[in-house]
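Overview (structure and organization)
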Amino acid sequence: MPSAPGGPRLLLRRLREIMAEPVGAQDRLDKIVVLIAANMVAEVCSVYVMRGDGMLELFATEGLNREAVHQTTMRSGEGLVGLIAATAEPLALSDAQTHPAFSYKPETGEEIYHAFLGVPLLRAGNTLGVLVVQNRTLRVYAEEEIEALQTTAMVLAEMIAAGELQALAPVETGIALRRPVYQKGIALADGVGLGYVVPHEPRVVVKNLIAENVEAELLRLEHAIAEVRTSIDELIERGDVAHHGEHREVLETFRMFAHDQGWLRRMREAVTSGLTAEAAVERVQSDNRARMQRQTDPYLRERLHDLDDLANRLLHRLVGRNLVAERGSLPENAIIVARSMGPAALLDYDRSRLRGLVLEEGGPTSHIAIVARALGIPAVGEVANATSLTEQGDAIIVDGAAGEVQIRPSSDVEAAYAEKARLRARRQEQYLKLRDVPPVTKDGVPISLQLNAGLLVDLPHLAETGAEGVGLFRTELQFMIAERMPTATEQQSLYSAVVAAVGDLPITFRTLDIGGDKILPYMNTIEEENPALGWRAIRIGLDRPGLLRVQIRALLKAAGGHALKIMFPMVATCDEFIRAREIVEREKAHLSRHGYPLPSELKLGAMLEVPSLLFQLKEICAVADFLSIGSNDLMQFLFASDRENRRVADRFDPLSPPMLRALKMVVDEAEESGCQLTVCGEIGGRPLEAMALIGLGYRSFSMSPSSIGPVKAMLLELEAGPVGTFLRDELERAGGGDTLRPKLAQFAETHGIPI
């Protein structure tokens, strides 16, 4: 078997010299293929570059016909070169022409060559091209030769990424690294944002690729691995959740991968081939990302994500940077791209410069989505590989209504979205004109429209939208964005500021709703098989009454002299509500004894989100001053459909007969008992769903600020009587599961109701 003269280290040193020469891009590339062919003892070396139109083009060759350069092209998946591009995996064959994917290109003159070795040109998991060597003989390429060619491919990928080859590509396509990409995700927060990518955790750009001293680089790598292992061990031994929100099970997974011998061996081999420690980590990470992008199994994707995160920790150690996102001063028109984020991190950014948010993770009911809606930031979640597909400064468009992301859009796409943004702005101006119009249906039925809030930044929306108050203030957001448990004084300070901002308008505070998917970063986590059905919300408050008492006392003090409504979440039985009410009464008595002013009026209510309360309606209406429908949880519990699970989250429709009949039961009993009733879940903020709820008899809604205008525009054109009759008749005729959504939409269209 031929051996490469000088080995991969000499090849990399010669590559570095060629890269520094003052020559044109084509001359440089021509010199590189000659060098690689000589070093690999191959008759042929060719470089194929992925163009923006998805075609692979021969950019340089030593051994094939030179006339084929910039003439020979193939699709991704076509031939052996296309197969490598599609799979992002190396391919070594002793007789290429017997492989089923072999595709003969007569203009290249490659029919005389048998042995074939090709590797993808990868950067951040993205395939930028293919590097190939060929021999006339039936040669078997050794593992060391494959490794050497992959190392060389990394250097070429960085050359492509630097933009040097852009001038050699067709003007109409360019190279793939800069091609437009469309990604479909899930809508998190309405709006259209046009701007430029700012990574939440910027990828370390490895500039020093070629090692001067391999032994020293191996030592650097071992030290960095040891430091990462130690830091993970320390976080786990602390027994709590780390500052950045990693839960124990995530850290345990990191620890397992930090000792994975296969992963470590690949990095050591890359250093041995002549790369610096950070370049070796980057090369292995890029291979991993390429596999991750092509993986359909969700479990394996998650494990590959864990490896990606661990590699990032290692890279930051090697280059001496802290893993915390380097936010600093945000550029104008910034759109944050992240794998995941906590609500506190989003609040750290300068809102005046922020135009959008793109997440690989996070559904519409996640807390980052709630904060994004509160801030009015267009956001899209579940965008596959968003962090790998984007680079700092890339042009990007976020359509928060459609759940779409356009990366490096073409000029015509950008113009279309700019017009869409202008149309949306004009529509918002029309909604603004409705601010002072009373929310009354055409047949004279008054409807109360209030806001859902959780932060002080939400409250200016009261004046902007003309909302009649705050129907749901989520107190847990203060706890979730803090690094430690807020003290009684800190809680009272926030609630006092909220009460002052609301003024004479009504406000309903929901007590701490944590557990399930709402984890505080400073509390011990408890492993539960079904956390949504586990120890959460009022259950925690009743089991840890000190926590609930501190919050109740802070609320009562803050609202001294003002009307106050307190609502308990996740109530499953009347007994739970009665026990919570007794805690409130004891706190009232305590404050009264010590001379504190009490609220001028105090009402206590329950969130109706657990189906068991549907069968205690008469009893709960007798002891509670009001009820509020939490449609998100009620929906998932009613259909046993996890709202965070994409496989089942959209399987059932809230406008199907089972859900509508359950909601009808509640409104009928509340009316008969004289119990106040409102809807604070997501369905109340969507015009079509709100129309159906009005038809059922609901007259009070609380929703996100951006929903007030569309819902008010709808109800001003609605007659409550006819839609009620229509809905009653349809429910009597409906089968067990067919959604009424199409019929309700048809009703709205027929009657000119904007939805």
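Residues numbered from 1 in each chain as written. Predicted model: local features only at pLDDT ≥ 70, side-chain atom pairs only at ≥ 80, totals over all residues. Heavy atoms only, no water.

1. Concerning the overall build of the protein
For the protein, the count of helices and strands is 26 helices and 22 strands. Within the protein, the fraction of its 755 residues that count as buried is 55%. Sequence-distant contacts, at least 24 apart, represent 67% of the contacts inside the protein between residues at least 6 apart. Within the structure as shown, the protein displays about 31100 Å² of accessible surface, and the carbon and sulfur contribution to it stands at 52%. (Helix = DSSP H or I, 4+ residues; strand = E, 2+ residues; numbered from the N terminus. Buried < 20%, exposed > 50% of the residue type's maximum accessible area, 1.4 Å probe, protein only. Contact = heavy atoms within 4.5 Å. Areas by Shrake-Rupley, 256 points an atom, 1.4 Å probe, with all protein chains shown as cover.)

2. Considering the packing of helix 2 (residues 25–39) against helix 4 (residues 143–161)
Interaxial distance between helix 2 and helix 4 falls to 13 Å at its minimum, and their mutual angle equals 180°. Between helix 2 and helix 4, the angle is such that the two are roughly antiparallel. Contact residues: A25, R28, L29, I32 and I36 in helix 2; L149, T152, L156 and M159 in helix 4. Classifying every residue of the contact of helix 2 with helix 4 gives seven nonpolar, one polar and one charged. (Axes fitted to C-alpha atoms, helices over the stretch in contact; angles between N-to-C directions. Parallel < 35°, antiparallel > 145°, perpendicular 65-115°, else oblique. Nonpolar A, V, L, I, M, F, W, Y, C, P; charged D, E, K, R; others polar.)

3. Quick word on the packing of aromatic side chains
The tally for this structure, following the rule as stated, stands at five aromatic pairs. Ring centres 4.7 Å apart and planes at 10° place the aromatic pair F639 and F652 in the stacked group. Placement of F639 in the loop between helix 21 (631–638) and helix 22 (657–673) and of F652 in the loop between helix 21 and helix 22 is noted, with a sequence separation of 13 residues between them. When its relative accessible area of 18% is taken as the criterion, F639 is described as buried. Directly above the aromatic system of F626 lies the positively charged group of K565, at a separation of 4.5 Å from the ring centroid. (Phe/Tyr/Trp six-rings, centres within 6.5 Å; stacked < 30°, edge-to-face > 60°. Lys NZ or Arg CZ within 6 Å of the ring centre and 35° of its normal.)

4. Digging into helix 4
It helps to recall that an α-helix has 3.6 residues per turn; residues three or four apart then point in one direction. The end-to-end C-alpha distance of helix 4 is 27 Å, a good match for the 27 Å that 19 residues give at a rise of 1.5 Å each. Within helix 4, 16 of the 19 residues are buried, which leaves it mostly tucked inside the rest of the structure. At the exit of helix 4 stands G163, carrying a positive phi of roughly 90°. (Expected span 1.5 Å × (residues − 1).)

5. Side note on empty space enclosed by the protein
Going through the model one piece at a time under the given rule, you end up with four cavities of 30 Å³ or more. Taken as a whole, the largest cavity holds about 130 Å³ of empty space. Broken down by secondary-structure element, the contributors of at least two residues to the lining of the largest cavity are helix 3 (79–87) and strand 6 (126–135). In terms of residues, the lining of the largest cavity owes the most to one element, helix 3, which gives three residues. When the residues that make up the lining of the largest cavity are grouped by side-chain class, the tally is seven nonpolar, three polar and three charged. (1 Å grid on protein atoms, 1.4 Å probe; cavity = no way out; pocket = protein on both sides within 12 Å on 5 of 7 lines; lining within 4 Å. Points joined across faces, edges and corners; volume = space filled by probe spheres on them.)

6. Notes on the sheet that holds strand 1 (residues 44–50)
The six strands are arranged 3-2-1-6-5-4 in an open sheet whose pairing can be described as antiparallel. Each end of this open sheet is capped by a strand with a single partner; those strands are strand 3 (73–75) and strand 4 (91–93). Adjacent strand axes in the sheet meet at a mean angle of 20°, parallel and antiparallel pairs treated alike. Pairing analysis gives nine bridges linking strand 5 (residues 115–123) to strand 6, with the strands arranged antiparallel. Bridging from a neighbouring strand, V119 pairs with L131 of strand 6. Of the strands in this sheet, strand 1, strand 2 (55–62) and strand 6 touch helix 2, which is tilted by about 70° from strand 2. Those strands touched by helix 4 are strand 1, strand 4, strand 5 and strand 6, and its axis lies near 40° from that of strand 5. (Pairing = 2+ DSSP bridges.)

7. Looking at the sheet that holds strand 8 (residues 186–189)
The strand order across the open sheet built from eight strands is 7-14-13-9-10-11-12-8, with neighbouring strands paired in mixed fashion. Lying at the two open borders of the sheet, with one neighbouring strand each, are strand 7 (181–184) and strand 8. In this sheet, adjacent strand axes meet at a mean angle of 30° when their direction is disregarded. Alignment of strand 9 (residues 192–199) against strand 13 (residues 395–399), held across five bridges, turns out to be antiparallel. The partner of G195 across the bridge, within strand 13, is I396. The strands touched by helix 13 (residues 411–433) are strand 9, strand 13 and strand 14 (404–407); relative to strand 9, the strand with the most contacts, the crossing angle is about 120°.

8. Topic: the packing of helix 23 (residues 687–696) against helix 26 (residues 741–750)
Taken N-terminus to C-terminus, the directions of helix 23 and helix 26 make an angle of 90°; their axes are 10 Å apart at the nearest point. Classified by the angle between their axes, helix 23 and helix 26 sit roughly perpendicular to one another. For the pair formed by helix 23 and helix 26, the contact residues are L688, E689, M691 and A692 on the first element and R741, L744, A745, F747 and A748 on the second. Here the residues of the contact of helix 23 with helix 26 sort into seven nonpolar, no polar and two charged.

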